[in-house]
Amino acid sequence: MIREQIEEKLRKAFNPAHLEVHDESYRHNVPAGSESHFKVVIVSDLFTGQRFLQRHRSIYSELTAELEGTVHALALHTYTSKEWEGLQDTVLASPNCRGAGTLA
């Protein structure tokens, strides 16, 4: 449900050419069924001329409610269409959580 909310808000705000929202909560030390850790890959020409910090801030402002709620971590990979060319297969994997799998 949270993943869908994030996706819907980002689609409306950024009109992305490409959008992936991955729930990576299962990779972290959280109770089963948690929706707390997400990875976003977004390609939008609205990012043209913006540094990564500006792009991330604009995403955070769209997802204020989620970040104030259950979302604990948001890994952002933001690109313009030009930057995205040839990168589709090279988006970095998220690192393993140091406490993953230790919660009973």
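Above this text you will find the structure in question.
Quantities reported herein were computed from a predicted structural model and do not represent experimental measurements.

**A short note on helix 2 (residues 52-62)**
Item 1. For helix 2, the full list of buried residues reads Arg-55, His-56, Ser-58 and Ile-59. In a view along the axis of helix 2, the buried residues occupy a sector of 160°, so they form one face of it. Exposed residues pointing more than 90 degrees away from the buried face of helix 2 are listed as Leu-53 and Arg-57.
Item 2. Turning to helix 2, the residues buried within the fold contact helix 1 (2-14), strand 2 (37-43), strand 3 (73-79) and helix 4 (81-84).

**What to know about helix 1**
Item 1. Compared with an ideal rise of 1.5 Å per residue, which puts 13 residues at 18 Å, helix 1 spans 18 Å between its outermost C-alpha atoms and is within 8% of the ideal.
Item 2. Those residues of helix 1 lying buried are Ile-2, Ile-6, Leu-10 and Phe-14. For helix 1, the angular spread of buried residues about the axis comes to 65°, placing them on one side.
Item 3. Residues of helix 1 that are buried make contact with strand 1 (18-23), strand 2, helix 2 and helix 3 (64-68).
Item 4. Positive phi shows up at Asn-15, right after helix 1, with a value of about 45°.

How each quantity is defined
Residues numbered from 1 in each chain as written. Predicted model: local features only at pLDDT ≥ 70, side-chain atom pairs only at ≥ 80, totals over all residues. Heavy atoms only, no water. Buried < 20%, exposed > 50% of the residue type's maximum accessible area, 1.4 Å probe, protein only. Helix = DSSP H or I, 4+ residues; strand = E, 2+ residues; numbered from the N terminus. Arc of directions from axis to C-beta. Contact = heavy atoms within 4.5 Å. Expected span 1.5 Å × (residues − 1).

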